[in-house]
Amino acid sequence: MTGLDEALSRVLGAKTAKALANSLDINTVAQLLRHYPRRYARRGELTDIAGLEIGEHATVLARIEHATKKPMRQRKGSILEVTITDGRRRLSCAFFGNQAWRERELRPGRTGLFAGKVTAFRNTLQLANPEYELIDPDGDGISTMDSFLAEIIPVYPAAAGIQSWTIGYAVRQVLDTLDRGDDPLPEWLRDQHGLGHLFDALRHIHRPESFEELDAARERLKWDEALAIQLIFAQRRHSVALRPAPACPPVPGGIAAAFDELLPFQLTQGQREVGARIAADLAGAHPMNRLLQGEVGSGKTVVALRAMLQAVDAGRQAAMLAPTEVLAAQHARSLRAMLGELGRAGELGAADNATSITLLTGSMSQKERKQALLDIASGAAGIVVGTHALIQEHVTFADLAFVVVDEQHRFGVEQRDALRSRGADDTSPHVLVMTATPIPRTVAMTVYGDLEVSSLRELPAGRSPISTTVVPVAEKPTWLDRGWQRLVEEARKGHQAYIVCPRIGDEPPADNNSDKRPAIAVLDLAPQLAEGPLAGLRIGVLHGRMPSDDKDSVMRDFAAGKLDVLVATTVIEVGVNVPNATLMMIMDADRFGVSQLHQLRGRVGRGDVPGLCLLVTDSIDGTSTRARLAAVESTLDGFELSRLDLELRREGDILGAAQSGKRSGLKLLSLLEDEDLIAQARTVALRIVGDDPALAGHLGLARMVADLIDTDRAEFLDKS
């Protein structure tokens, strides 16, 4: 019999095992059986072709509509062009070479699995030289694939070098010899939630005889995934609760109270409620770990500043980390402006109880840096603002009690983890993570499972509306010309515009094997515009590799109206505030995520004139990329977009390599559809860890966590 830990080379043979290892990094029986089918097809049903992405390796179940043989123009031989269909959309398959047998085999009306890399030819999706397996009976009435005699056909995530049907054969071979073994889930838990045995679930997820059997298997295996992740977070929360933190109780009549009296506006209800919760957390003896989410301009910075002043009142220090030097410098200026005389300690005209704000970035001059480090170490700096330079080992704080991380998705997990060891006397500072990318509750429970979550939903008063339009240059090239004309018109009215590019332009050459052209670059586009459609306008350039002084100078010039157009990378994504900017053109918008696009367009419409955002793309209509852009075009509600983004993402993107750089074991769990299940798993995990923090009495669960979430992945989650 075969065990889950067994190497595939001993079960399948060297050739198949090597193909699985090289193409999919699958090496053991457990890894193969956790490589679940991506979807299931009923015999007679076809795959939906809409949503295929250029560059992906796809497997589609489709019917041959027609086949045409044509001579090749540049060399000898011929091309067999086969059009396959799902009944609504068509996909072209091109076979090169003189293969008469293939022409006889690929006849109109036949059905099969076609697998290959999706490319574009003449603005049409195509599979070039795909591999295929025909699954309908041939002329003798015999199916070409024994595995497709079943009514339910599994289609696996495949890759170049190994196809879905090969994976299916391997799974069948393993299941035929699989040992039943012990179930990692305790019997009481399975009984309580009506869950089957792991052995049965693995068999039925791959070879279901009915969709009822399949649904039961999916429910059980989702529980494995949800419970594994929640056990890690429960252990994390238990560990954090035991750590000491520097208590910062509110001080009546302190600088925080003085700041509230100076505010020129009324705090919103949400700001007051969230502020009260943070104040209570800061007063505690254990570290606060809270996520504060809210739309662009919803007042997160004011909430954070009031909390930082509470730490200063307690005689301690607070720090704010920003993702870029441009934003760090702007935050420092903004905090000083908001505090006025309360932020000018040591200066003429400062208030008696004033504090000092110190900026520290990696590109400061040696003299400036030395003074900043001295102020931080001596405690003269009550509030410190910086980038990742703040968490370098040689930066010593006098008494760091509170850290605000702005736009946390821009910081690496190692950087955030370094902050937690910066408290005085072996304490862990309180941490507030701020993001303007709203997060659905299930994501918060899963990605941010060790954080308490607060939300600011009110939008700022007086903000002008922003309209968003997709500009599909492949289908309507004249729309781009009109976009440049509109920009010139805005400039003539005295307004300003951003043009955002995904690339700087001085990077090393990209992978030549990619079918996609290089992304549009700032350093390439800016001179072309200056000599072309935007000739005569004052154009500035901004990107992350410019010297810090140059970046600051360009931003000051743009803010002062000395530039009409700023051609930039995403360094302007967050925190940049120029109310006179009314137009943004995002080039190659398909290269950005939904959250980034939503953040970027928040830079316009900040004054009393409506904003316009143009999403320029050459992506093909009907792909999921265009669906993402259409979602951004359709709504300004960041909370709704966060759910749409989740729906459109591919498996693994939420908790997979895109975030951690490691394999994720979470493959079935849907953060949109399984909210109740995740909540139940969270309750169970808290109960188990409350009684058994190290899982010493639940060795099966400990092993399940190790199998589903590998060691590096667990460290990533712990540091997140």
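Please read these numbers as outputs of a predicted model, since none were measured by experiment. (Residues numbered from 1 in each chain as written. Predicted model: local features only at pLDDT ≥ 70, side-chain atom pairs only at ≥ 80, totals over all residues. Heavy atoms only, no water.)

If you trace the seven strands from one edge of the open sheet to the other, you get β11-β12-β10-β13-β14-β9-β15, paired in parallel fashion. Since the sheet does not close on itself, it has two edges, and those belong to β11 (357-360) and β15 (452-456), each with one partner. If you compare each strand with its neighbour and ignore which way they point, the axes differ by 20° on average. Here helix α10 (residues 269-282) sits on the sheet and contacts β9 (289-294), β13 (400-406), β14 (430-435) and β15; the angle it forms with β15, its principal contact strand, is near 155°. (Pairing = 2+ DSSP bridges. Helix = DSSP H or I, 4+ residues; strand = E, 2+ residues; numbered from the N terminus. Axes fitted to C-alpha atoms, helices over the stretch in contact; angles between N-to-C directions. Contact = heavy atoms within 4.5 Å.)

Turning to the nonpolar core, a few remarks are in order. Among the nonpolar cores identified, the biggest contains 40 residues, and Met 308, Ile 383 and Phe 402 are the most heavily contacted of them. Secondary-structure elements contributing two or more residues to this core are α9 (255-262), α10, α11 (300-313), β10 (317-321), α12 (325-339), β12 (383-386), β13 and β14. With nine residues, the top contributor of residues to this core is α11. Setting aside residues no more than four positions away along its own chain, Met 308 makes contact with Ala 318, Ala 319, Met 320, Leu 335, Ile 383, Phe 402 and Val 404. (Core = buried A, V, L, I, M, F, W, Y, C linked by side-chain atoms within 4.5 Å. Buried < 20%, exposed > 50% of the residue type's maximum accessible area, 1.4 Å probe, protein only.)

Here we come to the pattern of salt bridges. All chains considered together, the criterion is met by 28 salt bridges. Among the ionic pairs, Arg 220 bridges to Asp 224, the shortest N-O distance being 2.9 Å. With Arg 220 and Asp 224 both in helix α8 (residues 211-242), this residue pair falls four residues apart, about one helical turn. Judged by relative accessible area, Arg 220 falls into the buried class, the value being 1%. One network of salt bridges, with partners in common, ties together Arg 34, Asp 183, Arg 190, Arg 220 and Asp 224. (Salt bridge = Lys/Arg side-chain N within 4 Å of Asp/Glu carboxyl O.)

Let us now look at the sheet that holds strand β17 (residues 496-500). Backbone hydrogen bonds are what pair the strands of a sheet, in a parallel or an antiparallel way. One open sheet accounts for six strands, arranged β16-β21-β20-β17-β19-β18; its pairing is parallel. With partners counted over all chains shown, the strands left at the sheet margins are β16 (466-472) and β18 (539-542), one partner each. Neighbour-to-neighbour, the strand axes of this sheet turn through a mean angle of 20°, independent of strand direction. Here β17 runs beside strand β19 (residues 565-568); their pairing, made up of four bridges, is parallel. Within β19, the position partnered with Ile 499 by the bridge is Val 567. Where helix α17 (residues 522-531) meets the sheet, its contacts fall on β17, β18 and β19, and the angle it forms with β18 comes to roughly 180°.

Once that is clear, we can look at the environment of His 598. For His 598, the location among the structural elements is in helix α19 (residues 594-601). Separated by 303 residues in sequence, His 598 and Glu 295 have C-alpha atoms that sit 9.7 Å apart. In contact with His 598, other than residues within four places in its own chain, are Glu 295, Leu 636, Gly 638 and Leu 641. At 3.3 Å, the side chain of His 598 forms a polar contact with the side chain of Arg 601. (Polar contact = N/O pair within 3.5 Å; in protein donor to acceptor, adjacent residues only side chain to side chain.)

Each α-helix turn comprises 3.6 residues. Residues three or four places apart therefore point the same way. Spanning 17 residues, helix α23 (residues 675-691) covers 25 Å between terminal C-alpha atoms, matching the ideal 24 Å at 1.5 Å per step. Of the positions making up α23, those classed as buried are Leu 677, Ile 678, Ala 681, Arg 682, Val 684, Ala 685, Ile 688 and Val 689. (Expected span 1.5 Å × (residues − 1).)

Where α9 meets α11, the closest approach of the two axes is 8 Å, and the angle between their N-to-C directions is 145°. Residue-level contacts link Ile 255, Ala 256, Phe 259 and Asp 260 of α9 to Leu 305, Arg 306, Leu 309, Gln 310, Val 312 and Asp 313 of α11. Here the residues of the contact of α9 with α11 are counted per class, giving six nonpolar, one polar and three charged. (Nonpolar A, V, L, I, M, F, W, Y, C, P; charged D, E, K, R; others polar.)

A few words now on helix α18 (residues 548-559). Between its terminal C-alpha atoms α18 stretches 16 Å, which fits the 16 Å expected from 12 residues at 1.5 Å a residue. Turning to α18, its buried residues number three or more, namely Ser 548, Lys 551, Val 554, Met 555 and Phe 558. Viewed end-on, α18 has its buried residues packed into an arc of 130°, placing them on one side of the element. Positioned one or two residues after α18, Gly 561 has a phi angle of 85°, which is positive. (Arc of directions from axis to C-beta.)

Here Val 453 lies in strand β15. Sequence separation of Val 453 and Leu 432 is 21 residues, and the distance between their C-alpha atoms is 9.9 Å.

By secondary structure assignment, the location of Asp 399 is in the loop between β12 and β13. Note on Asp 399: relative accessible area 18%, which makes it buried. Polar contacts involving the side chain of Asp 399 include one to the side chain of Arg 316, which spans 3.0 Å. Once residues within four sequence positions are removed from consideration, Asp 399 is found in contact with Gly 315, Arg 316, Gln 317 and Ala 424.

Across four bridges, the pairing between β11 and β12 is parallel. For Leu 360, the partnering residue across the bridge sits in β12 and is Gly 386.

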